[in-house]
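Summary of structural features
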Amino acid sequence: MNLSIVIPLLNEEESLEELHDWIAGVMQSNHFLYEILFIDDGSSDQSWKVIERLAEKNENVKGIRFHKNFGKSQALHAGFKVAQGDVIITMDADLQDNPEEIPQLYNLITKEGFDLVSGWKKIRYDSLFSKNIPSKLFNWAARITSNVKLHDFNCGLKAFRSDVVKNIEVSGEMHRYIPVLAKNAGYSHIGEKVVKHQARKYGKTKFGAERFINGLLDLITIWFVSKFGKRPMHLFGALGVLMFIIGFGFALYLGIDKLFINPFGRLLSERPQFYVSLTSMIIGTQFFLAGFLGEIMVRSRVNVQRYTISEELNLSRP
């Protein structure tokens, strides 16, 4: 199979049939062997019925339905797990991604040897203040912290070699930073392609203002995990040593001063240095404990299923 098209969705019943017909037309005109994987992330509308109808008329359509809304990252994880294509394409279901871009993305993976190619919506039709400016800020921060030189980390239209998606763990809301996850897993040949962005045709966006805060927190998380995820003691231990040295230094100064320099001066409990010393050593000890606990958790971690599936369509069909 040449291509697996993985499409996570939530309440997109109006656009699914049009999107399917558009993708199928591109696949047929380019003679691709393909599958379209619709991942219904707990839709409350008729999206799953539309997917069932599409699967009846096109045997290349497959589907996974979650019991409830678990998030885009979990939907992508489920799609990656069952995808059979040599190249995996991800795209959104709202018709803002253009399927005509797929053949070029496929060629970049198969002929030019990229591990991952991310779309870049250079010209966007989103709100300037609610999406465009925050997006530019997040992309700038992601470039600085990850050293992955992409303009648009969160573009839904991406192409991957099959082994890339099988070897990365997309969890929480880390779908924004899949290129960073790929780089951390050792896939460094990452490219970018300018793609067409289209205005939303049906419905409204499913992401509110909270996504900006979540994006920042996820960026901090992915930086920490990439640097210290397998060795948390290196961070917490270093901070613990630093704080303990500061506290011990103040304690040593106070002891020498009280015993040899000014034995009849103020009580130690009346001097601010005493509390700085005490607090620093306590915080240093806590950092050490956090490091030890982190090391124990890393060594005892087991994979936990982060979503439950209620129905599947055609997944066993080659």
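Quantities reported herein were computed from a predicted structural model and do not represent experimental measurements. (Residues numbered from 1 in each chain as written. Predicted model: local features only at pLDDT ≥ 70, side-chain atom pairs only at ≥ 80, totals over all residues. Heavy atoms only, no water.)

Let's shift gears to unusual backbone geometry. With the exception of glycine, the majority of residues adopt a negative phi angle, and the majority of peptide bonds are in the trans configuration. For N11, which is not glycine, the phi torsion reads 55° and is therefore positive. Summarising the element assignment, N11 is placed in the loop between β1 (3-9) and α1 (13-29). Accessibility expressed as a relative area gives 24% for N11, which makes it partly exposed. In this model, N314 sits at a positive phi of 60°, which is unusual for a non-glycine residue. (Helix = DSSP H or I, 4+ residues; strand = E, 2+ residues; numbered from the N terminus. Buried < 20%, exposed > 50% of the residue type's maximum accessible area, 1.4 Å probe, protein only.)

Let's shift gears to helix α4 (residues 102-110). In an α-helix, one full turn covers 3.6 residues, which means residues spaced three or four apart are oriented alike. Within α4, burial applies to I102, P103, L105, Y106, L108 and I109. Buried residues along α4 sit against β1, α1, β4 (87-90), β5 (116-120), β6 (158-161) and β7 (190-194). (Contact = heavy atoms within 4.5 Å.)

Here β4 shows no split at all, with V87 and I89 on one side and I88 and T90 on the other all buried. Alignment of β1 against β4, held across 4 bridges, turns out to be parallel. Looking across to β4, one finds that I5 is bridged to I89. (Pairing = 2+ DSSP bridges.)

Taken N-terminus to C-terminus, the directions of α1 and helix α2 (residues 47-57) make an angle of 20°; their axes are 8 Å apart at the nearest point. Put simply, α1 runs roughly parallel to α2. The two elements α1 and α2 meet at a crossing, and its hand is right-handed. The residues of α2 that touch α1, namely those facing E13, L16, E17, H20 and D21, are S47, V50, I51, R53, L54 and K57. Within the contact of α1 with α2, the residues separate by chemical class into 4 nonpolar, 2 polar and 5 charged. (Axes fitted to C-alpha atoms, helices over the stretch in contact; angles between N-to-C directions. Parallel < 35°, antiparallel > 145°, perpendicular 65-115°, else oblique. Left-handed = near helix turned anticlockwise from the far one by under 90°. Nonpolar A, V, L, I, M, F, W, Y, C, P; charged D, E, K, R; others polar.)

This part takes up the nonpolar core. Formed by 37 residues in total, the largest nonpolar core has its most connected members in L3, I5, I7, F38 and I89. If you list the elements that add at least two residues to this core, you get β1, α1, β2 (34-40), α2, β4 and α4. Among residues more than four places away in sequence, those in contact with I5 are I23, E35, I36, L37, I89, M91 and I102. Of all hydrophobic cores here, the second largest spans 35 residues; its members include A83, F138, A141 and F160. (Core = buried A, V, L, I, M, F, W, Y, C linked by side-chain atoms within 4.5 Å.)

Turning to the environment of R161, a few remarks are in order. One can find R161 in strand β6. Each C-alpha atom of the pair R161 and N11 lies 29 Å from the other, and the pair is 150 residues apart in sequence.

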